[in-house]
Amino acid sequence: MIREAIEYIVRLGNRETFTENGQTYVTGDVRLLKEPLPAEIKVSTLSALVKYAKSVFDGEEKFLIHIVSPTKVRLLSSLNLDAERSTWVESNALLPDIPYGRYLDMEEFNILLQSAFLDNDTRKILLKVVGNVKDEDVKNYGDDGVSQTVTAKTGVAQVADVVVPNPVELAPFRTFVDLDQPESDFVFRMRKGPSGPAGALFEVDGGMWRLDAIALIRNYLSENLAEEIEAGNIHILS
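Quick look at the structure, then.

1. Concerning the packing of aromatic side chains
- The tally for this structure, following the rule as stated, stands at 6 aromatic pairs.
- Centroid distance Tyr52 to Trp88: 6.5 Å. Interplanar angle 35°. Geometry classified as tilted. Of this pair, Tyr52 sits in helix H2 (residues 46-55) while Trp88 sits in strand S7 (residues 87-92), and the two are 36 residues apart along the sequence. The same class applies to Tyr52 as to Trp88, namely buried.

Below, the structure is given as structure tokens:
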């Protein structure tokens with residue numbers, strides 16, 4: 001038993017490497033020594049990914065860009081001899097946390113609209129409603145479960161029942177800041193909360209905005225890497 005162990009240790013010390021079909025193996029148990037893969041660079045914008053792809057900083061000239069989702073894009077190498085790819089750059093969008101489906105008081109809702117949504121006509125209308133609503137019960141309007149009215153200021157010293165718009169088309173920050181944010185429909189609902197009227201937004205487009213965002217990402221990359229794509233050095237997968 002001891003002799004066998006000593007012979008095994010000796011064999012370990014005598015191992016050699018050899019190359020076959022461009023790949024390196026080690027003798028003994030004939031293991032394949034895989035080509036090491038670099039750690040990916042983490043960024044948060046598409047522009048950073050584009051700059052790296054154009055720089056050829058690490059000597060790589062051909063890339064595959066994989067648009068994984070509206071918030072993640074990877075810059076990949078060609079396949080190596082081990083049929084593996086290096087991820088040179090991974091870009092993950094930095095986005096605000098938007099609490100869809102959660103009722104917020106009017107102050108919180110006002111701040112959310114101004115900080116996490118692009119300015120458009122619908123946002124202006126919502127800000128006007130939530131900024132002037134009186135501290136009274138939210139009343140149902142009609143029997144369809146969609147329209148609502150609230151008591152709001154309509155002038156210097158006047159109040160009146162105001163119809164809450166529904167559905168509303170908004171553009172929250174939900175893809176890379178390099179892009180125009182895709183608009184989609186939301187259901188806007190109000191109700192009486194613990195400290196007064198509260199409002200909430202519910203997504204109702206079935207996720208179609210994701211396809212719009214991916215198309216925006218593809219267009220951005222195609223425009224900013226046009227020469228490299230034309231030369232066949234970059235391919236985009238979405």
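2. Some points on the sheet that holds strand S4 (residues 41-43)
- Spatially, the 5 strands line up as an open sheet ordered S4-S7-S6-S5-S15, and their pairing is mixed. Here the strands that pair on one side only, and so sit at the sheet edges, are S4 and strand S15 (234-237). Neighbouring strand axes in the sheet, compared pairwise and without regard to direction, differ in orientation by 15° on average.
- By the bridge criterion, 3 bridges tie S4 to S7 in an arrangement that is parallel. Paired with Val43 across the strands is Ser91, a residue of S7.
- Against the sheet, H2 contacts S4, strand S5 (63-69), strand S6 (72-76), S7 and S15, and its axis sits at roughly 5° relative to S6.

3. Some details on helix H3 (residues 106-116)
- Met106, Phe109, Asn110, Leu112, Leu113 and Ala116 are the residues of H3 that are buried.
- As for H3, its buried residues are in contact with strand S8 (104-105), helix H4 (121-132), strand S13 (184-193) and strand S14 (196-203).
- The opening residue of H3 is Asp105, an N-cap whose side-chain oxygen sits 3.1 Å from the backbone nitrogen of Glu107.

4. Overview of the nonpolar core
- With 22 residues, the main nonpolar core has Ile65, Val73, Leu75, Ile217 and Leu221 as its most contacted residues.
- For this core, the elements supplying multiple residues, two or more each, are H2, S5, S6, S7, helix H5 (208-224) and S15.
- Top contributing element to this core by residue count: H2, with 5 residues.
- Apart from the residues within four sequence positions on either side, Val73 is in contact with Leu46, Leu49, Ile65, His66, Ile67, Val68, Val89, Glu90, Ser91, Phe176, Ile217 and Leu221.
- One finds Phe117, Val168, Phe186 and Phe188 within the second-largest nonpolar core, a separate group that totals 19 residues.

About the cut-offs
- Residues numbered from 1 in each chain as written.
- Predicted model: local features only at pLDDT ≥ 70, side-chain atom pairs only at ≥ 80, totals over all residues.
- Heavy atoms only, no water.
- Phe/Tyr/Trp six-rings, centres within 6.5 Å; stacked < 30°, edge-to-face > 60°.
- Helix = DSSP H or I, 4+ residues; strand = E, 2+ residues; numbered from the N terminus.
- Buried < 20%, exposed > 50% of the residue type's maximum accessible area, 1.4 Å probe, protein only.
- Pairing = 2+ DSSP bridges.
- Axes fitted to C-alpha atoms, helices over the stretch in contact; angles between N-to-C directions.
- Contact = heavy atoms within 4.5 Å.
- Polar contact = N/O pair within 3.5 Å; in protein donor to acceptor, adjacent residues only side chain to side chain.
- Core = buried A, V, L, I, M, F, W, Y, C linked by side-chain atoms within 4.5 Å.

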